[in-house]
Amino acid sequence: MARFEEPCLHGPMPTLVAIRHLAFEDLGLFEPVLRRRGYQIEYRQAGIDDPRVLRDTDLAIVLGGPIGVNDATRYPWLTDELRVLGQRVEAGGPTLGICLGAQLMAAALGAPIEATGTKEIGYSALELTAAGRESPLAPLDGQPVLHWHGDRFDIPDGAVRLAGTPVCSQQAFAVGNTLLGLQFHVEADPGQLERWLIGHACELADAGVDPCVLREDAARYGSGLASRGIQVLEGWLDRLGG
């Protein structure tokens, strides 16, 4: 079993691999924080790059995307990504999953992934559990965050549910201090939301979601959400020792 050391910023720069499923769904607001913390960031493109790079990096972040965990028949590379991610999470390697990334983490931990029956797209408030209010997510309690998904994860065995919404009760989970899965997007830079609106134009039209409303809500909530999202990342990194 692989052994992952806590990042030490007094020695060699710790490495971070970010698995990206879409070019514009990147680390966003998180990237400057991670670079300031000393992480050497490497993006890897899902479906193109070898996912085995996840095995040895100090920190892994698996980002969002428009496909689903259950789409491996149409996208066979998902099988390899899940297998390698499973090896990492089993070993306790520090890992953050966002949206599809959280679903992949949950699946790698043995939890089923299912369609919600509706698209949850837009800004709505999180309801934190008691455990969530004691977690790095505490700054988000009652805060409208950006949701953009049609699937949901079950909480894996051994994990703790941290947050929910009326549409989707499973919005975040943690396993100890090292594994964190977020169904929502606090990494998304509200100043770059237009890239999402363009890239997901067909999905928005199919779901009947008005991009003008998303744009207005990003302007309304973006500044406060950005600062709170950074607090979440900083709090989680503090618990990692990085």
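Residues numbered from 1 in each chain as written. Predicted model: local features only at pLDDT ≥ 70, side-chain atom pairs only at ≥ 80, totals over all residues. Heavy atoms only, no water.

An unreviewed UniProt entry lists the protein chain under the name GMP synthase (Glutamine-hydrolysing), with Propionibacterium cyclohexanicum as the source organism.

1. Topic: the sheet that holds strand β8 (residues 160-164)
Reading across from one edge, β2-β1-β3-β4-β10-β9-β8-β6 is the order of the 8 strands in this open sheet, with mixed pairing throughout. Both outer strands of the open sheet, β2 (40-45) and β6 (127-128), are each paired with one neighbouring strand and no more. Taken together, the 2 bridges between β6 and β8 define a ladder with antiparallel strand orientation. Counterpart to E127 in the pairing with β8 is G164. Contacting β3 (59-62), β4 (95-98), β9 (172-175) and β10 (179-182), helix α3 (residues 100-108) crosses the sheet at an angle of about 120° to β4. Against the sheet, helix α7 (residues 211-240) makes contact with β3, β4 and β10, and its axis sits at roughly 145° relative to β3, the strand it touches most. (Pairing = 2+ DSSP bridges. Helix = DSSP H or I, 4+ residues; strand = E, 2+ residues; numbered from the N terminus. Contact = heavy atoms within 4.5 Å. Axes fitted to C-alpha atoms, helices over the stretch in contact; angles between N-to-C directions.)

2. Examining the UniProt feature "domain: Glutamine amidotransferase" (unreviewed entry) in the protein chain
Following the UniProt record, the feature "domain: Glutamine amidotransferase" (unreviewed entry) maps to residues 34-193 here. Split by type, residues 34-193 is 19% helix and 32% strand. Its first and last C-alpha atoms lie 21 Å apart. (UniProt positions renumbered as here; feature names shortened; annotations may be inferred.)

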